[in-house]
Amino acid sequence: MQVTPDTVATERQWLHERASTVVPLINETRTQLGELFDTDVDSVTEMQFRDEVDRVFADGDVAVNVAGYVGLLRDLDVTGDYPGFVVDEVLGRELAATIAGGQPLALLAQATFHFADTHTHGDDDEAAGADDLDAALAAGFQTRLPGWSWREGENPFSVGDGRDDPTATE
């Protein structure tokens, strides 16, 4: 696999076109998680998804890695599928984390990937990594997009603005 700036642009466009598949999976995942955690979670529109894809791909360091993971998962196939179970799970989990951003969202996206993956099943004629790709996209983007009440407002664990830290050096 050769990843170039053109490859990254092509993968970004492919994700835009995948909105009609990924967004329903995001919303299904959010609904099910909301029920499990007894909370309401806002649904996501295709426009919100595409805008967030653009934000992810605006950061070149992130974009090249997301493009690489997407390309690998889309083409990954293993005869009989099951022997390749570990590699597509690892790639899917890492794609979800990369999309979500740094900690703690990366870990949350990885856990959500496994949850979403239980609800995605590719067709027999698809590559083994295809359903993991959709689950990873849903997990990563649903994690970074707004709609979770616990992420709204100021975090109660934030202490000061850093300027009043007596241990800070100048």
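Look up: the structure comes first, before these words.
Residues numbered from 1 in each chain as written. Predicted model: local features only at pLDDT ≥ 70, side-chain atom pairs only at ≥ 80, totals over all residues. Heavy atoms only, no water.

1. Examining the environment of Leu-95
Next, step 1: Looking at where Leu-95 falls in the secondary structure, it is placed in helix H5 (residues 85-100).
Next, step 2: Here the alpha-carbon distance between Leu-95 and Ala-136, two residues 41 residues apart in the chain, equals 6.0 Å.
Next, step 3: Once residues within four sequence positions are removed from consideration, Leu-95 is found in contact with Val-66, Tyr-69, Val-70, Leu-73, Leu-133, Ala-136 and Leu-137. (Helix = DSSP H or I, 4+ residues; strand = E, 2+ residues; numbered from the N terminus. Contact = heavy atoms within 4.5 Å.)

2. What about the pattern of salt bridges?
Once the charged atoms of two side chains with opposite charge are near each other, the side chains can pair.
Next, step 1: Summed over the entire model, instances satisfying the criterion amount to seven salt bridges.
Next, step 2: Residue Arg-12 pairs with Asp-54 through a salt bridge whose shortest N-O separation is 2.9 Å. In this pair, Arg-12 is assigned in helix H1 (residues 5-17) and Asp-54 in helix H3 (residues 46-58), connecting sequence segments 42 residues apart.
Next, step 3: Take Arg-12: its relative accessible area is 29%, and that puts it in the partly exposed class.
Next, step 4: Arg-93 is the partner of Glu-94 in a salt bridge, and the nearest nitrogen-oxygen pair spans 3.8 Å.
Next, step 5: The exposure class assigned to Arg-93 is partly exposed, which follows from its relative accessible area of 29%.
Next, step 6: Salt bridges sharing partners connect three or more residues here, namely Glu-52, Arg-55 and Arg-144. (Salt bridge = Lys/Arg side-chain N within 4 Å of Asp/Glu carboxyl O. Buried < 20%, exposed > 50% of the residue type's maximum accessible area, 1.4 Å probe, protein only.)

3. Brief notes about the environment of Ser-43
Next, step 1: Mapped onto the elements of the fold, Ser-43 is located in the loop between helix H2 (19-36) and H3.
Next, step 2: Expressed as a C-alpha distance, the spacing of Ser-43 and Val-23, which sit 20 residues apart in the sequence, is 8.8 Å.
Next, step 3: Other than its neighbours up to four places away in sequence, Ser-43 contacts Asn-27 and Gln-48.

4. What about the packing of H1 against helix H4 (residues 60-75)?
Next, step 1: In the contact formed by H1 and H4, the axes pass within 9 Å of each other and the chain directions differ by 70°. If you check the angle between H1 and H4, you find them roughly perpendicular. The way H1 lies across H4 gives a crossing that is left-handed. Between H1 and H4, the residues in contact are Val-8, Glu-11, Trp-14 and Leu-15 and Ala-63, Val-64, Val-66, Ala-67, Val-70, Gly-71 and Arg-74, respectively.
Next, step 2: Taken together, the residues that form the contact of H1 with H4 break down as eight nonpolar, one polar and two charged. (Axes fitted to C-alpha atoms, helices over the stretch in contact; angles between N-to-C directions. Parallel < 35°, antiparallel > 145°, perpendicular 65-115°, else oblique. Left-handed = near helix turned anticlockwise from the far one by under 90°. Nonpolar A, V, L, I, M, F, W, Y, C, P; charged D, E, K, R; others polar.)

5. Comments concerning a negative patch on the surface
Next, step 1: Together, Asp-38, Asp-40, Asp-42 and Glu-152 make up a region of like negative charge exposed at the surface.
Next, step 2: Of note, Asp-42 is situated in the loop between H2 and H3.
Next, step 3: Owing to a relative accessible area of 49%, Asp-42 belongs among the partly exposed residues under this scheme. (Patch = residues over 30% accessible without salt bridge, like charges linked within 9 Å, V, L, I, M, F, W, Y side chains within 5 Å. Areas by Shrake-Rupley, 256 points an atom, 1.4 Å probe, with all protein chains shown as cover. Lys, Arg positive; Asp, Glu negative; His and termini not counted. Charge placed at Lys NZ, Arg CZ, Asp CG, Glu CD.)

6. Some words on the nonpolar core
Considering soluble globular proteins, one finds that nonpolar side chains tend to be buried as a cluster.
Next, step 1: Judged by nonpolar contacts, the single largest core of 36 residues is most densely connected at Phe-49, Phe-57, Val-66, Leu-95, Leu-137 and Phe-141.
Next, step 2: Breaking this core down by element, the ones donating at least two residues are H1, H2, H3, H4, H5, helix H6 (105-117) and helix H7 (130-144).
Next, step 3: Per-element accounting of this core gives the leading share, seven residues, to H7.
Next, step 4: Setting aside residues up to four positions removed in sequence, Phe-49 forms contacts with Leu-15, Ala-19, Val-22, Val-23, Ile-26, Val-44 and Phe-141. (Core = buried A, V, L, I, M, F, W, Y, C linked by side-chain atoms within 4.5 Å.)

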